[in-house]
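Letter by letter, the chains look like this.
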Amino acid sequence: MRTFSFVLQGDERPWGILGLYDHLAGIRVDVEWAEDAAWRRAHKEPYLSWADFQQTRDTGWNRPFFTYILLVVCTVVLIASYGLNGWKVEPLSVNPMIGPSAETLLRMGAKQTSLIVNQGEWYRLFSPMVLHAGLIHYFLNMTALWFIGKAVEQCHGFAAAAIIFIIPAVGGTIMSAIFLPEYISVGASGGIFGLIGACIADICINWSLLFSKHVNSSDEGTRFRHLKVLMWLLFDIVINCLVGLTPFVDNFTHLGGMVYGFLCGLSTIERLSTDFFGIATSTLSRIRNLFVRFSGLLLSVVLIMVTTALLVESDGGASPCSSCRYVSCVPFPPWAGEDAKWWYCDDCSRVTADAKLDSSGYYSLSLTCPDGVIEEIDLSDELVTDRQWIRRQLPNLCRKHCENLFAS
């Protein structure tokens, strides 16, 4: 206990999003170093200095190889997406993430429910986890992956990090495919939120220890420092959810990934031993801990099977919850006119129309609204001769003439 208190007093880490997860990992390393020191003291062995102990954790097979692999793969895929897009980026009004077009992202393997369900392209449940909408999306995710992934992997190992990333990434994509079938989405965010969910599981598993006076009896400030870490964690979640309101990124992947990550974390994250701190554990508590440990991963697998079955049974077009789109999409910017926003949260981008043509040009348009209602639009005063112009105006005409802007 004295050794652990000494480590906490001398282990200050930077605050902010970038230092948050390293700090969480550091709490566990403090305990491991203190346990090692206590064992050496009991066996009259010489102490291992903090620098030497830390070096053993940062070298050899304990390095975060899974995180390294993900960083390399995501970087290569991002470069490939720009190459496939002709080494150019789309206007900010199309892709505010400074990235390729939606068509390019689809060719690279972006999630689109109709292609998954109707065309059997099930690989799109996996490929989005290494795709990104653009440079901004990439740097945000890779920065988070570096700090969160590195911390989780060095604490719990390659296999645990892979499980905590891949299962939530796939599970989040399935949730997105069910509730946002009309949207294209990409990103490692589902897996990263899985890592965040695992961090929350780590806090919950060790709540009674990390926030107890048994650990922080010599320094009240240290106890409440852990609460600040939790506040930063919640702040990080809010920021990432705001990013989820932009095109090609969605919050169902984020939030679904976090739920799966929490469940996987319950099974893969080791509980800190309370025996070291002299805190007795009852038989009932041991049984409960064992039940929680085995139920987390099992429940994750069951949820993925159930949601996959729901996805297979869907038609790949309509969402079972039309209002849920606002969890992941808000028209922006709010100060722009209805015809000048960067993106919308309706189904007007998917409408079709039949144009009638005479010698003077297109004079009438039969517009099929998202709910299937056909609206007749008079174009005789427009003197329209360009078919492509009509195609580009279909979303605006839909918002102007259709009563229901969402698919039924």
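Residues numbered from 1 in each chain as written. Predicted model: local features only at pLDDT ≥ 70, side-chain atom pairs only at ≥ 80, totals over all residues. Heavy atoms only, no water.

### Concerning helix α9 (residues 189-205)
Basically, it comes down to this: Per the convention used, a helix needs a DSSP run of H or I reaching at least four residues, while a strand needs a run of E reaching at least two, with both numbered from the N terminus. The span one expects for a helix is its residue count, reduced by one, times 1.5 Å. Only protein chains enter the area calculation, which uses a 1.4 Å probe; residues under 20% of their type maximum are buried, those over 50% are exposed, and those in between are partly exposed.
With 17 residues, α9 extends 24 Å between its outermost C-alpha atoms, agreeing within 8% with the 24 Å of an ideal straight helix rising 1.5 Å per residue. Counting buried positions over the 17 residues of α9 gives 15, a clear majority of the element.

### A look at the pairing of strand β1 (residues 352-358)
The cut-off we apply is this: Strands qualify as paired when DSSP identifies two bridges or more between them.
Pairing between β1 and strand β2 (residues 361-368): seven bridges, direction antiparallel. Of the residues in β2, the one forming a bridge with Lys356 is Ser364. As consecutive antiparallel partners, β1 and β2 are separated by two residues.

### Quick notes on the nonpolar core
Note the cut-off: Nine residue types can take part in a nonpolar core, namely buried Ala, Val, Leu, Ile, Met, Phe, Trp, Tyr and Cys, and a core is a set of them joined through side-chain atoms within 4.5 Å.
Leu145, Ile148 and Phe165 are the most contacted members of the largest nonpolar core, which has 59 residues in total. In terms of residues, this core owes the most to one element, helix α8 (residues 158-179), which gives ten residues. Cys348, Tyr362, Leu394 and Cys398 belong to the second largest nonpolar core, which has 14 residues in total.

### Here we look at the side chain of Glu90
Going by this rule: In this charge count, Lys and Arg are treated as positive and Asp and Glu as negative; neither His nor the chain ends contribute. Within this document, salt bridges are pairs made up of a side-chain nitrogen of Lys or Arg and a carboxyl oxygen of Asp or Glu, the two lying within 4 Å of each other. What qualifies as a polar contact is a pair of N or O atoms within 3.5 Å, subject to a donor-acceptor requirement within protein and to the restriction that residues adjacent in sequence count only when both atoms come from side chains. Any two residues whose heavy atoms approach within 4.5 Å are treated as being in contact.
By the secondary structure assignment, Glu90 is in the loop between α4 (65-84) and α5 (102-108). Although Glu90 lies buried, it forms no salt bridge, and the closest oppositely charged side chain, Lys88, sits 5.5 Å away as judged by the N-O distance. A distance of 3.3 Å separates the side chain of Glu90 from the side chain of Asn85, its partner in a polar contact. Once you skip the residues sitting within four places of it in the chain, Glu90 turns out to touch Asn85, Asn95, Gly99, Pro100 and Ser101.

### Structural notes on helix α13 (residues 251-268)
Between its terminal C-alpha atoms α13 stretches 25 Å, which fits the 26 Å expected from 18 residues at 1.5 Å a residue. Of all 18 residues that make up α13, 15 are buried, and the element is covered over most of its length. A distance of 3.1 Å separates the backbone nitrogen of Phe252 from a side-chain oxygen at the start of α13, and that oxygen is part of Asp250.

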